[in-house]
Amino acid sequence: HYLQSSKVNWDVYLEEDFLTRLHNIESWGCDGIIADFDDSTIQAAVKELKIPIVGVGGSYQNLSDYPDVPYVATDNFEVIKSAYEHLKSKGLERFAFYGFPSDENHRWATEREQAIISLCKNDGYDCSVYRGHSTHPETWQYSMNRLAEWLQNLPNPVGIISVTDARARHLLQACDQIRKVVPDQISIVGIDDDEIARNLSRISLSSVTQGCFEMGFQAAKLLHRRIDNPNLKNKIVTVPPTGVVQRQSTDFKALQDPYVIQAMHYIRQHACRGIKVDQVLDFVGISRSNLETRFKNERGHSIHHELHQE
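Parameters and conventions
Residues numbered from 1 in each chain as written. Predicted model: local features only at pLDDT ≥ 70, side-chain atom pairs only at ≥ 80, totals over all residues. Heavy atoms only, no water. 1 Å grid on protein atoms, 1.4 Å probe; cavity = no way out; pocket = protein on both sides within 12 Å on 5 of 7 lines; lining within 4 Å. Points joined across faces, edges and corners; volume = space filled by probe spheres on them. Helix = DSSP H or I, 4+ residues; strand = E, 2+ residues; numbered from the N terminus. Nonpolar A, V, L, I, M, F, W, Y, C, P; charged D, E, K, R; others polar. Buried < 20%, exposed > 50% of the residue type's maximum accessible area, 1.4 Å probe, protein only. Arc of directions from axis to C-beta. Contact = heavy atoms within 4.5 Å. Pairing = 2+ DSSP bridges. Phe/Tyr/Trp six-rings, centres within 6.5 Å; stacked < 30°, edge-to-face > 60°. Salt bridge = Lys/Arg side-chain N within 4 Å of Asp/Glu carboxyl O. Axes fitted to C-alpha atoms, helices over the stretch in contact; angles between N-to-C directions.

Draft legend 1. Representation of the layout of surface pockets within the structure. One number sums up the size of the largest pocket: a volume of about 1700 Å³. Lining of the largest pocket is provided by 48 residues; of these, Tyr13, Leu14, Ile33, Ile34 and Ala35 occupy positions nearest its centre. Element by element, the count of residues in the lining of the largest pocket is highest for helix 8 (residues 212-228), at 9 residues. The class makeup of the residues in the lining of the largest pocket is 27 nonpolar, 12 polar and 9 charged. Of the voids in this model, the second largest pocket is the one considered here, and its volume is about 400 Å³.

Here it is as structure tokens:
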């Protein structure tokens, strides 16, 4: 978009599969590079190059953590704040964070973890943090079992912010495994609004949309300026998220009745398959008049209306 709007005469090189290959980077013969500085290997590879470099990656609370290049950052604090405020707006007062094991390539995850701890502390809330494990096929079941144990020990209802959509899917799978009802017992919001991740679970995932388009545009703009004037002072551009896209995983309403909670869980998972009220009654196991009364007390309308709305 920047190329079209600015009319710069650039020849842009990207690998066909979009994966970076750093072999012989010093002999690429290019005039400037936009580099993923969340990847420590890439950051180290471009460090000694004598051409303009623009970094993109996560923001940092400590200014000394930023690299010595023009840099465009997703605002990690505002990303987490968006998710946190979204959960608070639902009436939730218990919060947790599912992060990532700390290492050099996931400093952005640590920044997000620190952000939610700070936000909860300022409001007088505790925040349970679980970093989990890096995922591998051979250790997948072990990792999921440990995650399930953490979820079992959380007080309900609770709102959980996941460091990414991919790891939010872990939460949805673990909740299904231990029969925790989403969102009535556990509300989940991810980060990235990733189309693939959000459609791989029966319960659709609420997620924070980052300003990725704006980041790319600003990175190109900085590189353009640096190529034209290599002596320009380094600049940090922080890009806020565009907002939270709400879906089923945070459609929380403070329900008290256990039969209504069960019914809502079943309706969310099966309504679009054309189920009728009788199937909801069979799942819950009580009479229609009993459940209808409970539904009207808790939800303010009938079971049929709930099915139609869903």
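Draft legend 2. Here's a closer look at helix 10 (residues 277-284). Of all the residues in helix 10, the buried ones are Val277, Val280, Leu281 and Val284. Each buried residue of helix 10 lies within a common arc of 100° when the element is viewed along its axis, so the set occupies one face. Elements that come into contact with the buried residues of helix 10 comprise helix 9 (258-270), helix 11 (288-298) and helix 12 (303-309). Gly285 lies just past helix 10 and shows a positive phi near 90°.

Draft legend 3. Inspection of unusual backbone geometry at higher detail. Geometrically, the link from Asn156 to Pro157 is a cis peptide bond, its omega value of 0° lying close to zero. Relative to the helices and strands, Pro157 is located in the loop between helix 5 (140-152) and strand 6 (158-162). Following Val182, the chain continues to Pro183 via a peptide bond in cis, the omega torsion being 10°. With respect to the element layout, Pro183 can be found in the loop between helix 6 (165-178) and strand 7 (186-191). The phi dihedral of Asn24 is positive, around 55°, even though this residue is not glycine.

Draft legend 4. View of the pairing of strand 7. Most of strand 7 sits inside the fold, with 6 of its 6 residues counted as buried. Of the two faces of strand 7, both are covered, the one formed by Ile186, Ile188 and Gly190 as well as the one formed by Ser187, Val189 and Ile191. Bridge analysis of strand 6 against strand 7 gives 4 bridges, and the strand direction is parallel. Looking at strand 7, one finds that Ile161 is bridged to Val189. Summarising the sheet, strand 7 and strand 8 (residues 206-209) pair through 3 bridges and their orientation is parallel. Each residue of the ladder has a partner; that of Val189, found in strand 8, is Ser206.

Draft legend 5. Structural context of the packing of aromatic side chains. Enumeration over the complete set of coordinates arrives at 11 aromatic pairs. Ring geometry for Phe37 versus Tyr71: centroids 6.4 Å apart, planes at 70°, classification edge-to-face. Pair noted here: Phe37 is in the loop between strand 1 (33-36) and helix 2 (40-46) and Tyr71 is in strand 3 (residues 71-74), with a separation of 34 residues, a long-range link. Judged by relative accessible area, which is 1%, Tyr71 ranks as buried. Considering the side-chain rings of Tyr266 and Phe283, the 4.6 Å spacing of their centres and the 20° angle between planes classify their relative orientation as stacked. Pair noted here: Tyr266 is in helix 9 and Phe283 is in helix 10, with a separation of 17 residues, a long-range link. Look at Phe283 and you get partly exposed, because its relative accessible area is 41%.

Draft legend 6. Region of interest: the pattern of salt bridges. Per the stated rule, a full pass over the model turns up 13 salt bridges. Among the ionic pairs, Arg21 bridges to Asp17, the shortest N-O distance being 2.8 Å. The exposure class assigned to Asp17 is partly exposed, which follows from its relative accessible area of 39%. Note that Lys88 and Asp123 form a salt bridge whose closest N and O atoms lie 2.9 Å from each other. Remark: Asp123 occurs in the loop between helix 4 (107-122) and strand 5 (127-130) and Lys88 occurs in helix 3 (residues 76-89); sequence separation between them is 35 residues. Take Lys88: its relative accessible area is 26%, and that puts it in the partly exposed class.

Draft legend 7. Examining the sheet that holds strand 10 (residues 243-245) more closely. Reading across the sheet, the 6 strands line up as 5-4-6-7-8-10 and stay open at both edges, with mixed pairing between neighbours. Each having just a single partner strand, strand 5 and strand 10 make up the two edges of the open sheet. Shown here is a sheet whose adjacent strand axes are inclined to one another by a mean of 25°, direction ignored. Contacts between helix 3 and the sheet are confined to strand 4 (95-98), strand 6, strand 7, strand 8 and strand 10, with strand 6 contributing the most and set at about 160° to the helix.

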